[in-house]
Amino acid sequence: MPEVTTPAHKDGDFFVNYEDKVFEDVQAEEGQKALVTFHTVAFEGSIGLVNILQAIRLQRKGFETSVLLYGPGVSLGVQRGFPTLGDEAFPGAQNYAANLTKFMKEGGKVYACRFALQMLMGHGEPSLLPGITPIAPQDVLDLKLLHVRDNALILDTWTL
């Protein structure tokens, strides 16, 4: 059996070069917009959290940024907690709420489809995090079309 002589990794070690950025740090030009859409289920994968972080980054780069929660994506915008709302039953349980709230405090807009909220997820508007705007199902398409008309960056995410 071959002997392993490489020392064990320890906290603080780097596996990759975090300093070598290949591309320029793009910033928004005056009036540029971005839309990040979510058609995913909370806690079913990492894309919900990753795209919230992308929305925060776009907002900080100067894009007028909106988030659309539709289909099962509205599950990212409802209040959660155990044993009471807002409690963190396990580490990371409030990641969606904390980061969407941060995004909105920094000027981002979040919209949630009313149809998905009630029909798919069984919630009402009072279940939404404060600051999220509920919209009619017909507004889902119009929100996207408005961003297309404005030549906005659109990040669409679908998971099943």
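Attention here is on the structure that accompanies the text.

What counts as what
- Residues numbered from 1 in each chain as written.
- Predicted model: local features only at pLDDT ≥ 70, side-chain atom pairs only at ≥ 80, totals over all residues.
- Heavy atoms only, no water.
- Buried < 20%, exposed > 50% of the residue type's maximum accessible area, 1.4 Å probe, protein only.
- Helix = DSSP H or I, 4+ residues; strand = E, 2+ residues; numbered from the N terminus.
- Pairing = 2+ DSSP bridges.
- Right-handed = clockwise from strand over helix to strand, strands pointing away.
- Axes fitted to C-alpha atoms, helices over the stretch in contact; angles between N-to-C directions.
- Contact = heavy atoms within 4.5 Å.
- Phe/Tyr/Trp six-rings, centres within 6.5 Å; stacked < 30°, edge-to-face > 60°.
- Expected span 1.5 Å × (residues − 1).
- Arc of directions from axis to C-beta.
- Core = buried A, V, L, I, M, F, W, Y, C linked by side-chain atoms within 4.5 Å.

**A short note on the pairing of strand β2 (residues 64-69)**
- Counting buried positions along β2 yields five of six residues, so the element is predominantly enclosed.
- One ladder, built from six bridges, connects strand β1 (residues 33-39) with β2; its direction is parallel. When the bridges of β2 are listed, A34 appears paired with T65.
- One crossover worth recording links β1 to the parallel β2 by way of helix α1 (residues 47-60), and it is right-handed.
- Judged from the four bridges that link them, β2 and strand β3 (residues 109-113) form a sheet pairing that is parallel. Looking at the pairing, S66 lines up with K109 of β3.
- Handedness of the crossover joining β2 and β3 through helix α2 (residues 95-105): right-handed.

**A few points about the sheet that holds β3**
- Reading across from one edge, β4-β3-β2-β1-β5 is the order of the five strands in this open sheet, with parallel pairing throughout. Looking at the sheet topology across the chains shown, the edges are occupied by β4 (133-135) and β5 (153-158). Each neighbouring strand pair of the sheet contributes to a mean axis angle of 20°, computed without reference to strand direction.
- For β3 and β4, the ladder comprises three bridges, and the chain directions are parallel. Bridged to Y111 within β4 is T133.
- Packing of helix α4 (residues 137-149) onto the sheet brings it into contact with β1, β2, β3, β4 and β5, and relative to β1 it is tilted by some 145°.

**A closer look at the packing of aromatic side chains**
- For the structure shown, the criterion picks out four aromatic pairs.
- Relative to W158, the ring of Y70 has its centre 6.0 Å away and its plane inclined at 85°; by these criteria the two rings are edge-to-face. Of this pair, Y70 sits in the loop between β2 and α2 while W158 is found in strand β5, placing the two residues 88 residues apart along the sequence.
- Given the relative accessible area of 9%, Y70 is considered buried.
- Exposure remark for W158: the relative accessible area of 54% places this residue in the exposed category.
- By way of ring pairs, the aromatic residues F43, F90 and Y96 are connected into one cluster.

**Digging into α4**
- For α4, with 13 residues, the first-to-last C-alpha span of 19 Å sits near the 18 Å given by 1.5 Å per residue.
- If you check which residues of α4 are buried, you get V140, L143, K144 and H147. The buried residues of α4 occupy one face: seen down the axis, they fall within an arc of 95°. Exposed residues on α4 whose side chains face more than 90 degrees from its buried face are Q138, L141 and R149.

**Brief notes about the nonpolar core**
- The biggest cluster of nonpolar side chains holds 34 residues, and the ones touching the most others in it are V67, L68, L69, V110 and I132.
- Secondary-structure elements contributing two or more residues to this core are β1, α1, β2, α2, β3, α3 (114-120) and α4.
- Considering every element that reaches this core, the biggest residue donor is α2, with five residues.
- Those residues in contact with L68, other than ones at most four positions away along the chain, are L35, V36, T37, F38, Y111, I135, V140, L143 and K144.

**Overview of the environment of S66**
- Of the residues examined, S66 reaches a relative accessible area of 3% and is grouped as buried.
- In sequence terms S66 and M104 are 38 residues apart; their C-alpha atoms lie 9.2 Å from each other.

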